[in-house]
Each structure stands twice: as structure tokens, then as C-alpha cells.
Amino acid sequence: MNDPTLPARPYFQAALEFERISAVMADAASAEVARGKLIEQLKGLVGQARAAARAELESEGGPACAAGLSEFQDALIALVLDVVCDCMLTKPEAGHARQMVVIATGGYGRGLLAPGSDIDLLFLLPPRAGAGAEKAAEKLLYILWDLGFKVGHATRSVGQCLKLAAADTTIATALLDARRILGPMALFEEMRSRFSVEVMKPSVKSFIDAKMAERDERHKRAGDARYLVEPNVKDGKGGLRDLHTLHWLSKAVHGEEVGSRTVSDGIFTEEEAATFRRCEHFLWTVRCYLHFLTGRPEERLTFDVQPQMAEWLGYKRHGGLRAVERFMKHYFIVAKDVGDLTGLLCGALELQQVKSTPSIGSMLSPLAWKTRRDIRVKTDFRIDNGRLNVADPDAFRRDPVNIIRLFAQAARTETFLHPTATRLLRASLRLIDDKLRHDPEANRIFLDLMTSEKHPATTLRRMNDAGVLGRFIPPFRRVVGMMQFNMYHHFTVDEHLIRTVDMLSEIERGAAPDELPLSTRLMKSISNRRVLYVAAFLHDIGKGRREDHSVAGERVARDLCPRLGLTPAETETVAWLIAEHLTMSNIAQSRDISDPKTIRDFADVVKSPERLNLLLLLTVADIRAVGPGTWNAWKGQLLRSLYYDTEPVVAGGHTQQARKARVARAQAQLAAALAAEGWEARAIASITERFYDDYWLRYDTPAQIEHARLMVQAAADGLKLAVDHRTDAFKGITELTILAPNHPRLLALFAGACAATGANIVSAQISSTRDGLAIDTFLLQRELGSDEDEARRASRIRGMIERFLKGEIRLKATLAQRRPAEHRVEAFHVEPEVMVNNELSDTFTVIEVAGRDRPGLLYDLTSALSDLSLDISSAHVTTFGEKAVDVFYVTDLVGKKLTSKARLETLVARLTDILRPPKKAQ
């Protein structure tokens, strides 16, 4: 088709093209040429239809676009089958083909087809079908494949359909949405009526239970969280597939999709049915735009597509939120609404006894009858069909505190909420006013729920989903559904806060004693646990404002805590924890803990053992709540080391002893350990005399013993270069130690070797000996499960390092072949920052750089420092998603801090230039 003019409604245009296409094929010299001309003509129609669908998406939204593509697909299939019957089959074969019913199933059967979706077809054969039917189906499929469509298909009789549907819920679901495209209506109606009577009617309850189990499993695969910041629009929690599940359940019970029948039967109200349609419209619009944007059936809203999606959908920056964050906030609100609808439908189906009631805890115990009686007699609630309900429609209006009591009672009895109670709750949200917010009883109950020893996060999440949490705690409402556009945080702010509370609860229940030995022990010793839980719940509540979120959060805490019933001293502690909630993590990951001034400065911030304990627990819970893979054993080791070095200082212990005394003590401990192994006094002295003071403060005795063995073995073997490694599963690191002639580019060479092998450096320590050697220790993120596999990996890295240092491999040539940065990273802009500080250490100048992460960044930075004649004493490498933060402790080549203004300006300019993303090729 060469006509550039699109008809007003192009989806039926295919049906008008039959004579034109038939004439083109008839003029062809051969069947092969005719088929080629057919495909060419049809591709023109497909291109026109997709262009028109894109235009309709922009003007009418996703459902109109998806419906139009479905209509076009119907017309295209009808056209192709006409061409097949008239031009590719004999007359008897064509007669057989006309007796076959072509049926759309799945999403296509619902009359909605996303731009990149598969096409699901069922070819329904009549009894004693001739060979022409299957031949026609085969030729139709080949043409559709040649046009680029992905087609799922089956060829069956009515009996085969019913038999398979009875045994397989997936097939039953597909037939539930079956829609005739063409073919004898009588045969289609026979299949549909028999399917309803013979398959669905006898097994409605089991079908519903199976679909709900399928939904739960799908959620697990997609992350099992509604507020993942890269959600799956189709299969994620609160996505389109959840709406499809509601649609299937409605059809299974009522024979109709969500609409007037579900409203008349009391499943949904008119408002809820409208919410269903609104959510469906939004999600289909997002999905269709996503397919057009990526050019493929992509279902995840990944970071690299979110900004463009926000622009296409018309979102603008407002206040402290960027356009992309406002778009995603809208997405998560819709996802929550989908979850609410699912809960209401499930509850209603349980009441109609067509869905199994979930089994939860105490209500199934022998005392359940007494519990139900006590609730009925002593409260404004009751247990209906295993769910917590209100006693009467005036329960909340009569006493608004009942809104909070409802969740307390649900937590105590471990029950789900009844649909009636849920609807009344939503209708009563306006009752949560300043009077209720300042009611002492309401605040006492809420504080008890938040600090409960029994799964407080479950209750907080229920309150959040119901809209109660944001109204009762107004600052929380600002962060509901708020995403942070970065690769570090996996969840929205509200979900992260609730998960932080959950992480604390896990620690308190002793759920991870092996992984978190110190936290598990400290949790039992803190004197005021409710301070810790409140701080966990509020620590990021200041996000999304123009000022620093720690400062804003501290102010919120000072205002809110007295309302919740905390004392002035408790309020002060909560406010301090929020203000400092990033401090311990930043120091542990980005500072040299072996530097005495690091410990002194941190102790000056903490001031007391109790605050140190509280801050450690909040830090651990916060990191673990960020998302899967964020917490690792190495971070745990860093935090423990910082804690153990700081605790005696704030407790008034003796670790503030003079530097010389600490050095002498470390030397004596090593000497004693080596003597116990049978070392001679002269050999021990040769070791202890070779190192400067910083070495003895930086490494513990076990590490010093390993270094001594390596040095002696290297000398015995006549080696100038020796590399050793060991792996530690508990710390989550693999340690490589290099003994080599001291060289300012040693760290840069090692960083390059790691970049070439894909190894992730988390820390580096460099110590020089008095006789011109260097002991460099590099800590790599552990990647493999078993010690044996990790040891083999370390050996490969070790071998490459040795070849680099010996000059057997060209480093730059190897790095040129390294893998490119992850594509998603390019969606982010991280402003380069270089800070130089001479106050953080008594001995070193501390350089902190931050910028967008990329392979080889550490190599480029360390190479630049070496080019500038700086001696790197230690490096601390941290990555927060797309953002890399690297800290270097340096001196000049004579061991002095950097003080020259001109030299510092050159340093900052050079490093800033390295941090800028490379320009894209034009």
C-alpha cells in the first residue's frame, strides 16, 4: 500500500483490501512471487494500523489504542484467511476451512491488544473436519509469522477443549475470554455453553482458589511488593494482571466482566467499579506507551524509560518532586487502588462461599469462640466469616478512635478486614481530623501498634493501604507512593519506612543471629525500644522536600513525638537518631576506621553507649530495608569494626591511650603470636622493625601474622612480587595481599586489573615498609557461594595482577575491551563532586569524590592521583546504585598533607573532569 493517507478508522481497512490484494497476487508470475507480494501489501496495512493506533493512544489513551489494534488484528486475520481460501487452497479444502471457527483467547480474546503483545488463537474444528481446515490454519499462521507477529495457537475440537480445560486452569482461563473472530457461530456457541456448564459451574471455587494462588506466585516472581521502584506493569503487584484476575473471577462467578452485574450483586459499589475502569485506563496507557517507546513487549518500567514516559504522559516538575517522580507516584497510587479492589472482591467471594477463607493464626485456635464472643460483647466489632467487621454502620462516627482500634483488634486476632469494614473505613477517612490526631487514647494505641513485638509492619502496611496512616500522621502522607529516582532505593519511601520497622522487628525476634550477631545481642540490651521503632518509622519522612531530608525529618520528629506520648528526653533521642541516621553508615564505608581521629570524631557525635547502640541498630535496619542485595556481610563487618572501636571511647574506657602505646601493644601481640609458632627472636624483630606506626594501627594481629609469613616466604623464594589471598564468607569479602616494591601506581594497576576482571573493590589499604616494599591489602566483594569457588576466582584475579605487574599484559588494551556500563545508569545525572579535607585526619589529606559509576572509574581516579605525585594510604569505595563515592587518604611523596592552594585546585579540576560522563558519539 503506497497511499500515505490514513482512513479515519483504519482498523477495518484490511477487510476492504481483499480484491486489491487478490488482483496483485493473480498477476504474479509464480506462487512464490505472489506470496512475497502478499506479505509486502499486508506489511503496509500493519504499518498504517500501528501509526493510527499510536495517534489514538495520544488522543484517547491506552484502552482505545489496544481495542483498535485488536479490531485491526481481527480484520487482518479475516483478510488473510480469505486470501488463503481463495488463492492457496482447492475449493474442497476451502470449504473445510470455512467450517472452522477462529477464536481469539487471552488478552486478545478480551478485545485488547498491546502493541507488542502475542496473539493467542484457537482454531476450533467441527466434528469430522476435513484436511483443509488444518491446512488453512497452518498457512494463516505462516503469514502472520512472516509479518512479525508472535502467535500462540492450538487446533482442537470442542471435546478436546473441554477435557483440557477441566484439567488445566490456564487453558480454562484462556477459554473464559474466548471471542469468535470468524467461522460458524453455532459451533462457537456450543463450545462456550458447554464450557460454562461442564467445566466452570462445577469448579468455580477451585478455579478461584487456583487463580488466587497463581496471583500470589506471580507476585513472588515479580518481587512480591507493590512499591518496587522499577515495577512490572503487567505482572507486578497492583499491575494489569491483577485487574485481569478480578475480571476472571467476575466472569467465573457472574458470567460477566467487572461492571453492572458485580455492582448489582454487591461485589463492588458504583464508585469501585469506576475505580476499576480508571486503573485499567491508566495501566493500559502506560503499557502501550512502554511498548511503543522500547519497540518490544517490555513490561518493566525501568529507570532508563521512566523519564521519557513521564514526558510523553505530560507530567511536570512540582515542588521537590521531579516529573518522573510525580509520574511514578501516580503509578503507585493506582497500584494501591488495584490492591484495594482485589481485597474487596476476595472478601465478597468468601462471604458468598465461592472462595476459601484464608487461614490465619488465633481465630482457628480452640479459644476462637471465646475471642469472638469477647469482641462482640466488649467492642464495637465482631467476627464475620473469619474476618473482622464493625458491629454497626455508626461505629466510627460514634467514636472515631475506633478507626485506630480496628487495626489493633485485627492485629490481636490476626484476622483480615471484612469488606463492609473496609468500605466503611474509606468512607470515614474524613473523621481523622486534628481532634482524633491529638486524642491520647488514639495515639497510645498507634504507638503500641508501631512498637509491637508481633509483626508491627503488617499493621502499618494495612493502615497505609487503607489511607489511614497518611491521615493520622500527615507528614507520612507526603511520602506515600513517593519514589526516589535512583538505582539505590528499591522501594517507595513509605514502603521503605515500613520495611525498616520490619527489619527491626526481625532482629528483635532473633531471626538472623548468625548474620547479625552484634545487632541481635544489642537489641536485647537497649533501655528504650520504642524510641528506636519511632525513629525507624520516621527516619526518611523528610524526603521530597527542598531541604536535607535528615533536617526536615528531625523537625517532624520534634513536632510529632510529644503527640504520640513520648517524653521530652525520648523526643530528643528520636530527633537525634533521625538527624544522624546516615552518619554511621557513611563513616563505616567511607572513612579509614584505623585512623584514630575517625574514631574520636565519631565518638564526639555519638557521646553515649546507648546512642551508639541505637544508631547501630537503626543503621542496620535502614540498609537492610533498602532492597535485596543492598546489605552484605562486608557492610556488617565495617559497622561492627566501627562500633567496637568507638564503644570503649564513649564508655570512658582506655582506647584513648597514646598512639605510641597502641603501636607498642600491637607489636607485642604479634611478637607473642609468632614466638608461639616457633619464630626466632631475630626473625620477629626483622618483621616488627620494618613497618611504620600506621601499619600497627591499621591491621589486626591475625592479618599481621599472614603478612609476616608472606614476607618470609617471598624472601626465601627470592621473589620481589608475591600475592596471597584468603576468603571470608562471614565478612562477605575476599582479601588479596600484594607484597611488591613500593610504587605510587600500585593501587592504580590493581584497580585496573579488577576492572578488567569485573571484581568489585570495597576497600584498599596501603602500607610501606622501611626497606622500600609495600604491603597492599585489597578487599573484594565476595561473589560466589562456596569458599572453593571464591578461592578459584581469587586465583584468577591474582594471576592477572601478577601478569600486569610483570608487564606481560597491557593494562590499557585489556581495559579497552571491558564491558560497557549498564544501560540503565545512563538515565541518571550525578553531578561530579570533589571535596578535599585536611581536618578529618591528623596525618592524611582526605579526598572524597562522587559521580556516576562506570567500569574503570576507580582506575582512572587512582591513575590521576598517581600522576599528581600523591601517595595513597587507603581507599574506600562505595556504590549507591548509579552513584559512586570514593574516598582516598593521601599525602605527598614526602608524607605531608596537601596545603598548596594551586596544587589543590589542579587536583580538584583533574578529578572533576574524570567524573564527568564521557560525551556520546555524534
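Shown above is the structure to which this text applies.
The following refers to the structure shown. (Residues numbered from 1 in each chain as written. Predicted model: local features only at pLDDT ≥ 70, side-chain atom pairs only at ≥ 80, totals over all residues. Heavy atoms only, no water.)

On to the overall build of the chain, then. When you go through the chain residue by residue, the secondary structure sums to 42 helices and 15 strands. Counting the 922 residues in the chain, one finds 54% classified as buried. Sequence-distant contacts in the chain: of pairs separated by 6 or more residues, those separated by 24 or more amount to 72%. A total of about 39,800 Å² of accessible surface is found on the chain, and carbon and sulfur atoms cover 51% of it. (Helix = DSSP H or I, 4+ residues; strand = E, 2+ residues; numbered from the N terminus. Buried < 20%, exposed > 50% of the residue type's maximum accessible area, 1.4 Å probe, protein only. Contact = heavy atoms within 4.5 Å. Areas by Shrake-Rupley, 256 points an atom, 1.4 Å probe, with all protein chains shown as cover.)

Attention now moves to the sheet that holds strand β5 (residues 381-384). Spatial strand order, β5-β6-β7: three strands in an open sheet with mixed pairing. The sheet terminates laterally at β5 and β7 (416-417), the two strands that pair on one side only. Strands β6 (387-390) and β7 of the sheet are contacted by helix α19 (residues 419-427), whose axis makes an angle of about 50° with β6. (Pairing = 2+ DSSP bridges. Axes fitted to C-alpha atoms, helices over the stretch in contact; angles between N-to-C directions.)

Position of H539 relative to the elements: it lies in the loop between α27 (529-538) and α28 (549-564). A polar atom in the side chain of H539 sits 3.2 Å from the side chain of H496. At 3.1 Å, the side chain of H539 forms a polar contact with the side chain of D622. If sequence neighbours within four positions are ignored, H539 has contacts with H496, L497, T500, H549, I578, H581 and D622. (Polar contact = N/O pair within 3.5 Å; in protein donor to acceptor, adjacent residues only side chain to side chain.)

Our focus in this paragraph is the sheet that holds strand β2 (residues 119-125). Remark on secondary structure: sheet strands pair via backbone hydrogen bonds, oriented parallel or antiparallel. In space, the four strands of this open sheet follow the order β3-β2-β1-β4, with mixed pairing throughout. Whereas interior strands pair on both sides, the edge strands pair on one side only; in this sheet they are β3 (151-157) and β4 (179-182). Each neighbouring strand pair of the sheet contributes to a mean axis angle of 30°, computed without reference to strand direction. The pairing of β2 with β3 spans seven bridges and is parallel. Residue pairing in the sheet places L121 in a bridge with H153 of β3. Sitting on the sheet, helix α3 (residues 62-87) is in contact with β1 (101-104), β2 and β4, with an inclination near 40° to β4.

Okay, the pattern of salt bridges next. Counted under the stated rule, the structure contains 48 salt bridges. One salt bridge in this structure joins R194 and E190, with 3.7 Å as the shortest N-O distance. Of this pair, R194 and E190 are both found in helix α9 (residues 185-200), four residues apart, which corresponds to roughly one turn of the helix. Of the residues examined, R194 reaches a relative accessible area of 29% and is grouped as partly exposed. With a relative accessible area of 35%, E190 lands in the partly exposed category. A network of salt bridges, in which partner residues are shared, links R278, K336, D337, D340 and R426. (Salt bridge = Lys/Arg side-chain N within 4 Å of Asp/Glu carboxyl O.)

Buried together is how nonpolar side chains tend to be arranged in soluble globular proteins. F446, V468 and F476 are the most contacted members of the largest nonpolar core, which totals 100 residues. For this core, the leading source of residues is helix α32 (residues 609-624), giving nine residues. Other than its neighbours up to four places away in sequence, F476 contacts N464, L469, G470, D494, L497, I498, F537 and I541. Listed in part, the 87 residues of the second largest apolar core include L140, M212, V229 and L283. (Core = buried A, V, L, I, M, F, W, Y, C linked by side-chain atoms within 4.5 Å.)

Covered by surrounding structure in β1 are V101 and I103 together with V102 and A104, the residues of both alternating faces. In this structure, β1 lies alongside β2, joined through four bridges in antiparallel fashion. Bridging from a neighbouring strand, V101 pairs with L124 of β2. Pairing analysis gives three bridges linking β1 to β4, with the strands arranged antiparallel.

Right, let's get into the packing of helix α30 (residues 583-590) against helix α33 (residues 633-650). Two elements in contact, α30 and α33, have axes separated by 9 Å at closest approach and are oriented at 100°. With respect to each other, α30 and α33 are oriented roughly perpendicular. Here α30 contributes M584, S585, I587, A588 and Q589 to the contact with α33, which in turn contributes K635, L638, L639, L642 and Y643. Each residue belonging to the contact of α30 with α33 can be placed in one class, and the counts come to seven nonpolar, two polar and one charged. (Parallel < 35°, antiparallel > 145°, perpendicular 65-115°, else oblique. Nonpolar A, V, L, I, M, F, W, Y, C, P; charged D, E, K, R; others polar.)

Locating D235 in the fold gives a position in the loop between α10 (204-222) and α11 (240-254). Considering only alpha carbons, one finds D235 and R218, 17 residues apart in sequence, at a separation of 6.7 Å.

Across all of its chains, the model carries zero disulfides by this definition. The cysteine C288 is free of any disulfide, with C65 supplying the nearest cysteine sulfur at 4.0 Å. Under the relative-accessibility criterion, C288 is labelled buried at 0%. (Disulfide = S-S within 2.5 Å.)

A few words on the environment of I687. Mapped onto the elements of the fold, I687 is located in helix α35 (residues 681-688). Sequence separation between I687 and H707 is 20 residues, and the spatial gap between their C-alpha atoms is 9.3 Å. Not counting residues within four places of it along the chain, the set of residues in contact with I687 comprises L670, W679, W696, A708, M711 and V712.

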